[in-house]
Amino acid sequence: MVAYFPISAAGGGVWRTHNRGTDMPMRGCLSSMPRSPTTDGRRRVLGGIGAVGLTALAGCLGGAGLPAGSSDDGADDDTADENGGPPTVDRSLSKEYPIDRLNEESMDGGPGPDGIPSIDDPAFAPADDPPTNLDGDDPVFGVEFDGEAKAYPQYTLVWHEIVNDVVGGESVAVTYCPLTGTAQGFYRGESEFGVSGQLINSNLVMFDRGTETRWPQMLPVGISGRHTGEYLEEFQVIWTTWDRWREAYPETTVLTEETGHARNYGSDPYGEYNPRSGYYADQQTLFPPLSSDDRFPKKEVVIGARNADGAMAVPKDTLRDRAVIEGTVGGIPYVTVYDGALDTGYVYRNADGTPVEPNGDGFLVNGDTYSPDALPLESEIGFDAMWFAWYGYYPSTEVHE
Amino acid sequence: MDTRLAGMLRPRSRIAETGAAMRLVIRRYDSVTVTGVVTVGYLLTFLWAVGDLSIRADMPAGVLIVDEPLGRVLDRTGPATFEAIAIVDTGVVRLLFSPGNLLLGGFVAGLVGINLAMSYLAIVQPSACGIGTGSGLLASLPALLAGTVCCGPVVLLVLGIQASGLLLTMFAWLLPLGIGLLLASLMYVAGRIDLSEPTQQ
């Protein structure tokens, strides 16, 4: 399992890698500068009778070089906002659309700002006492910072889309967009994120409550407000299942249904993931994508990554079959490896074209075996997304199969 | 002048007729039954459509109330939907108790119920020849319009229609349009009822 902690204010990012396995060599940088947890007094507790019941796609240095995806000068400035907004970073991501166009494409999804309420004071249960509605094969979004692991069930986030939380001392937001099937994490500093009610390319548009800048989740660039044109700082979120996550992280805690809001948890308004049905399985999109491509079914899950080199997508089914998939982005070699324990993939910028081969549960690189999350290459943040949504935002994406 | 046309051109008269027709509706057992059944049926459908009512046999009976419920009654979750402040589980059915949705749904359901009851009376006690079941269906369209708005784009999902900016803008107007049409329908149908002494109880 990897968590990325940017520690330098300027002059390049330095990242810390956590290795889930104990018998794999550790690579990466080992210092960090935790952010201050925020305090949130807006506790809304359910009471009553009965119980219902990725950083800048900059990547790990792997010991050398500049973070992939950072701006051309290599800077990855982590800028804390003095006006209550989230920290932003200088990044150079693949830009397919000008900001004006993104604003033009912003559509009212129905609810107004905070009409879909974020969870601002999340409550957690230990792994051996999970919510009764959570089945082992249900999808959860896993996050691990500084030894603290947390799971956020999809069935809860479908009603809230954003959890403002503190994990391992980091003030973060774990975000999920049901319509694009994307779970992403962002550092939030002293700010909180909310759901704006707007959608672009069917994708959640967030806003920060400090500056009211609007941030499309998948991009994630400010499109209006004080931070227009700036990028949020991301961290990796793992889309897996509850059984897989608690097997990998027995000490994990899991988000409960005590969210402070009355919602029909256990019932998904769009369909089901276990087994997959409804919107998550059909060929319909609720809103027209910015660009379309029929190489894959619209809801096919791809692992997408993007940086200054460009954008890439790996079909998850293909990754499961082959374990290692290589390709190029802007002429630079990349490799994506499969983690069978968590049913997820990790993307690496492999500028030197170092050979990567499966070796048991790990991968053989330069004669040593590494766990899939800790290859000695430049780690990129990748996340699951529905194909139509990924292509809609990144029509120049290169597909690795 | 045709009496019906004259009635339409005299709003006060038509309002009085509508009031009288509503009184007639509540005086007759059969029309009250129609009103009640339609109102309750529409309200339940409305609550199911907005997601406040569902079958949840997997949940034990109990009640959950959110913190500071009164302060959240008017929080909106959509253009015409409101925050639930409690969860009521019966062991079979789950109700998300949202006073705003309940009041709004109840109002529209009542309008639909009275409309259909008046349509029923227009059939069994017409004031003029030529009144058929078509008038009874008049309330269906506005009822659907008023109900559809509550679910917003999710309705499009069910119907497999891709949303456009224009369509989403239209959604915001469907509720007031539906209520307006229900009121107009009420006044129209009221003019087709024989307001003399009831012929049956």
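Residues numbered from 1 in each chain as written. Chains lettered and ligands numbered in written order. Predicted model: local features only at pLDDT ≥ 70, side-chain atom pairs only at ≥ 80, totals over all residues.

## Let's talk about the overall build of chain B
Reasoning step 1: If you tally the helices and strands in chain B, you get 8 helices and 6 strands.
Reasoning step 2: Secondary structure elements of chain B, listed N to C terminal, follow the sequence α-α-α-β-β-β-β-β-β-α-α-α-α-α.
Reasoning step 3: A buried classification covers 43% of the 201 residues belonging to chain B.
Reasoning step 4: Within chain B, counting contacts between residues at least 6 apart in sequence, those at least 24 apart form 72% of the total. (Helix = DSSP H or I, 4+ residues; strand = E, 2+ residues; numbered from the N terminus. Buried ≥ 20, exposed ≤ 12 C-beta atoms within 10 Å, placed from the backbone. Contact = placed C-beta atoms within 7 Å.)

## Regarding the domain arrangement of chain A
All names here are of chain A.
Reasoning step 1: The domain boundaries assigned to chain A delineate domain 1 (99-255) and domain 2 (301-399).
Reasoning step 2: When each unit is reduced to the centre of its C-alpha atoms, the spacing between domain 1 and domain 2 is 22 Å.
Reasoning step 3: The set of elements that each furnish at least two residues to the side of domain 1 that touches domain 2 consists of β10 (182-187), β16 (238-241) and α3 (242-248).
Reasoning step 4: Tallying contributions element by element places β16 first for the side of domain 1 that touches domain 2, with 4 residues.
Reasoning step 5: Looking at the side of domain 1 that touches domain 2, its residues break down into 8 nonpolar, 10 polar and 2 charged. (Domains from an automatic or database assignment. Nonpolar A, V, L, I, M, F, W, Y, C, P; charged D, E, K, R; others polar.)

## Some thoughts on the sheet that holds strand β11 (residues 193-200) of chain A
Residues and elements named next belong to chain A.
Reasoning step 1: The antiparallel open sheet is built from 4 strands, whose spatial order is β4-β11-β12-β13. Two strands bound the open sheet, and with one partner strand each, they are β4 (107-108) and β13 (214-216).
Reasoning step 2: As paired strands, β11 and strand β12 (residues 203-208) are joined by 5 bridges and run antiparallel to one another. In the strand pairing of β12, Leu199 is matched with Leu204. (Pairing = 2+ DSSP bridges.)

## Remarks on unusual backbone geometry
Reasoning step 1: Following Asn274(A), the chain continues to Pro275(A) via a peptide bond in cis, the omega torsion being 0°.
Reasoning step 2: Tracing the sequence through the fold places Pro275(A) in the loop between β18 (271-273) and β19 (276-278).
Reasoning step 3: Phi is positive for Asp343(A), close to 50°, though the residue is something other than glycine.
Reasoning step 4: Looking at the element boundaries, Asp343(A) is found in the loop between β23 (332-339) and β24 (344-349).
Reasoning step 5: According to the C-beta neighbour criterion, Asp343(A) is partly exposed, with 16 such atoms within 10 Å.
Reasoning step 6: A positive phi is found at Glu68(B), a non-glycine position, where the angle reads about 50°.
Reasoning step 7: If you trace the backbone, Glu68(B) turns up in the loop between β2 (62-65) and β3 (76-78).
Reasoning step 8: Residue class for Glu68(B) comes out exposed when judged on the 12 C-beta atoms lying within 10 Å of it.

## Here's the deal with the environment of Gly100(B)
Reasoning step 1: One can find Gly100(B) in helix α4 (residues 99-124).
Reasoning step 2: Sequence-wise, Gly100(B) and Thr81(B) are 19 residues apart; in three dimensions their C-alpha atoms are separated by 7.1 Å.

## Comments concerning the environment of Thr211(A)
Reasoning step 1: Relative to the helices and strands, Thr211(A) is located in the loop between β12 and β13.
Reasoning step 2: For Thr211(A) and Pro86(A), which are 125 residues apart along the polypeptide, the C-alpha to C-alpha distance reads 8.5 Å.

## Description of the sheet that holds strand β6 (residues 139-145) of chain A
Where strands meet in a sheet, backbone hydrogen bonds hold them as pairs that are either parallel or antiparallel.
Residue and element names in this part refer to chain A.
Reasoning step 1: One open sheet holds the 5 strands; their spatial order is β5-β17-β7-β6-β16, and the pairing between them is mixed. In this open sheet, the two edge strands, each paired with only one partner strand, are β5 (124-126) and β16. Strand-to-strand twist of the sheet, defined as the mean angle between neighbouring strand axes without regard to direction, takes the value 35°. (Axes fitted to C-alpha atoms, helices over the stretch in contact; angles between N-to-C directions.)

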